Every structure is written in structure tokens, then in C-alpha cells.
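Observations on the model geometry
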Amino acid sequence: MSFSSIREMLQASQTARQPLYEVILESDLTESGLTRAESEAEMHRLWSVMRATSDGYCGADRSMSGFVGGDAAKVEQAAAQGTLYASGYFASVMAEALKTAECNACMKRIVAAPTAGSCGVLPAVLLPLWRTGAADEEVICRALYVAAGFGQVVASRATLAGAEGGCQAEVGAASAMAAAALVDLKGGTAEQCAEAFAMALTNLEGLVCDPVAGLVEIPCVKRNVIGAMNAVSAADMALAGVVGHIPADEVIDAMAEVGNAMSKDLRETGIGGLAGTPTGCKIAEIVTMSADTEEED
């Protein structure tokens, strides 16, 4: 049994007087047929892949197109030199988001969370907390269940695919999931998790999917940074008692409506938006020529 709404998920937690991650875990067990030990082992495995992706990052790696790679290393170096506005946790979030998204572009192993194009958001907000000892693996895996629960409702009520709903359905959903996870990590209530989720998704409502040359590189990699930083902001607002006034389910439904209204040129086709700019078209030509040369060789 999966939840069809955030409201239903919150009510289940309240009725059972259980933490949000518990009711989400129990729902997963019912749907998947796994035992609790099997489900938890799989979540720990996914977390280990997220860690391994970050640990395996190399600033010298480049994507096949040559347009992605090395940016996370630049951010880390600049942060170490004190030249950034962001420092500490926030600088680490930026670097980690870039690391995972760059690894995806370089065809390395990542966790689609919930999609490959938005793979950097969740690891970005969680890894710095784990590395500094602010959260242990058990707590983080519980937060990942919370993120998964919210993501499942998005998939049920709307979509997680850029080709259907634009980047708001990918980076937007990932950001909202990460915001809910962060609130849970801080001991926030289920209602605060939902508020953080709703505000994060609202902030990225309408974000189009316009990959240059049809690759998950430009602007996709940098949007993971925006998604991660947005998640932190939304989580902090919710923890402070700020509310977005529009319920989470209605925000999801609005996202679906906006996605359906988008031109197909703005839904992963690599035609409109940034992909259709003069520079975007030139990059597409370069990528196509490179691909043709490789085929001839």
C-alpha cells in the first residue's frame, strides 16, 4: 500500500503515533514484500553508494562532451581559500551537489534520487552532516525513508520525469524531498516536514527542462546546486515555524498542471530554452560533430 497524498501520510503517522519514517517504512514493506531487515539493508546500501560516489570524485574527470567536470574541485578550493560568501556546511552542500551531478555526467555510478538528472541534491544536503558527525548513518537512513515517502506521493499524483513535467519534476521534487529529510533530521514534526517540502517545491515551480544538446550536463549539473541550497532554506524556514500556506498536495497538483501546460520544447527535448539559444545550438553542433568523428574512427 502506497500513500496517495501527503495528508494521508501525515494522518497515518498521527493515528499510529509513530514517527513519519516508521509509517513510510511499513508502507514500503507492504508494497515491496520485503522484510524490515531487507528494506533497511537496501537503504543502507543506497547510502553507501552515495558516499562512494562522493569519495570517488576526481576533479580531472570530464564528460564525453568535455563541458562538465572539475567544478566541485573549484568550489572546494575557493571555500578553503575563504573567497566565497558561503562557508562550512553551505559550501560543502554546493560542492557535494556538483560532485554527484558531475559523476553522473562522467558516466560514473550514482543513485537516482529520484532521477539521474537530480541525483546530486539529496547527497549534497546529507553528506556534510554525516562527515562532520552531525548525523549518523542510522538517522540519515531514516531521513532517506522520509524523502522517499514524499517522492512516492509526487510520482503518484504528478510525475518525476523531466520529459513529462519539466525540471520542476526532477530537481524540484528532489529539492522538496531533501527539505523534508532535513527537517526530520533536526527532529522537526511531520507537519514541518510537509511545510518544508511544499515550500521547496513551490520555489522551483515552473522550472523547465532544457538540456543543451540533449545531454544531462548544461544546465542540469548546476541546477542540482540550486535544488540543494533551496532545500536547506526551505527546511530552515519550516523549522523556524514559517509556513507556505498552500498544502503540500495542492503544490504537487499545481506542479502537475504547470508541467502539462509546458511546451514540449521545454520538456527534455533539447529544443527550447537554453538549448535553443545561439550558444546552446553551437554546443549541440560541437557535440554532434564529435560524436560523428568518433563513429568514423
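This report concerns the structure included in the present document. (Residues numbered from 1 in each chain as written. Predicted model: local features only at pLDDT ≥ 70, side-chain atom pairs only at ≥ 80, totals over all residues. Heavy atoms only, no water.)

Per the secondary structure count, the protein chain includes 13 helices and zero strands. Mapped in sequence order, the helices and strands of the protein chain form the string α-α-α-α-α-α-α-α-α-α-α-α-α. Per-residue burial for the protein chain yields a buried fraction of 49% across its 297 residues. Residue pairs in contact within the protein chain that sit at least 24 positions apart in sequence constitute 74% of those at least 6 positions apart. For the protein chain, the computed accessible surface area is about 13400 Å², with 55% contributed by carbon and sulfur atoms. Considering the protein chain, the positive charge centre built from 19 side chains and the negative charge centre built from 38 side chains are found 4 Å apart. (Helix = DSSP H or I, 4+ residues; strand = E, 2+ residues; numbered from the N terminus. Buried < 20%, exposed > 50% of the residue type's maximum accessible area, 1.4 Å probe, protein only. Contact = heavy atoms within 4.5 Å. Areas by Shrake-Rupley, 256 points an atom, 1.4 Å probe, with all protein chains shown as cover. Lys, Arg positive; Asp, Glu negative; His and termini not counted. Charge placed at Lys NZ, Arg CZ, Asp CG, Glu CD.)

Okay, the packing of aromatic side chains next. A full pass over the atoms with the stated rule returns three aromatic pairs. Its guanidinium or amino end placed over the ring of Trp 130, Arg 51 lies 4.9 Å from that ring's centre, counting from NZ or CZ. (Phe/Tyr/Trp six-rings, centres within 6.5 Å; stacked < 30°, edge-to-face > 60°. Lys NZ or Arg CZ within 6 Å of the ring centre and 35° of its normal.)

What follows covers helix H7 (residues 137-157). Over its 21 residues, H7 extends 30 Å from the first C-alpha to the last, a length consistent with the 30 Å expected when each residue adds 1.5 Å. Buried residues of H7: Ile 140, Cys 141, Ala 143, Leu 144, Tyr 145, Val 146, Ala 147, Gly 149, Phe 150, Gly 151, Val 153 and Val 154, and no others. (Expected span 1.5 Å × (residues − 1).)

Attention now moves to the nonpolar core. Ile 6, Leu 20, Leu 122, Val 125, Phe 150 and Phe 197 are the most contacted members of the largest nonpolar core, which has 84 residues in total. Ranked by residues supplied to this core, first place goes to helix H9 (residues 171-185) with eleven residues. In contact with Ile 6, not counting residues within four places along its chain, are Phe 150, Val 153, Ala 194, Ala 248, Asp 249 and Ile 252. By size, the runner-up hydrophobic cluster in this structure holds five residues, among which are Cys 167, Val 171, Leu 204 and Leu 207. (Core = buried A, V, L, I, M, F, W, Y, C linked by side-chain atoms within 4.5 Å.)

The next subject is the side chain of Asp 249. Mapped onto the elements of the fold, Asp 249 is located in helix H12 (residues 248-261). At 3.0 Å, the side chain of Asp 249 and the backbone nitrogen of Arg 7 are in polar contact. Those residues within four positions of Asp 249 in sequence are excluded, and the remaining contacts are Ser 5, Ile 6, Arg 7, Val 153 and Arg 157. (Polar contact = N/O pair within 3.5 Å; in protein donor to acceptor, adjacent residues only side chain to side chain.)

Pairs can form between side chains of opposite charge once their charged atoms are near each other. Counted under the stated rule, the structure contains 13 salt bridges. Note that Glu 42 and Arg 45 form a salt bridge whose closest N and O atoms lie 2.8 Å from each other. Of this pair, Glu 42 and Arg 45 both sit in helix H3 (residues 36-55), three residues apart, roughly one helical turn. Of the residues examined, Glu 42 reaches a relative accessible area of 34% and is grouped as partly exposed. Judged by its relative accessible area of 36%, Arg 45 falls in the partly exposed class. Between Glu 76 and Lys 99 there is a salt bridge, with the nearest N and O atoms lying 2.9 Å from each other. In this pair, Glu 76 is assigned in helix H4 (residues 71-81) and Lys 99 in helix H5 (residues 88-105), connecting sequence segments 23 residues apart. Using a relative accessible area of 38% as the deciding quantity, one classes Glu 76 as partly exposed. The network of salt bridges with shared partners includes Asp 55, Glu 76, Glu 96, Lys 99 and Arg 131. (Salt bridge = Lys/Arg side-chain N within 4 Å of Asp/Glu carboxyl O.)

Let's shift gears to unusual backbone geometry. A cis amide bond links Ala 113 with the next residue in sequence, Pro 114, at an omega value of 5°. Within the secondary structure, Pro 114 sits in the loop between H5 and helix H6 (121-131). Across the junction of Ile 218 and Pro 219, the peptide omega takes the value 0°, indicating a cis bond. Note on placement: Pro 219 falls in the loop between helix H10 (190-203) and helix H11 (220-239). For Met 107, which is not a glycine, the phi torsion comes out positive at approximately 65°. By secondary structure assignment, the location of Met 107 is in the loop between H5 and H6. The phi dihedral of Glu 268 falls on the positive side, at around 70°, and the residue is not glycine. With respect to the helices and strands, Glu 268 occurs in the loop between H12 and helix H13 (278-296).

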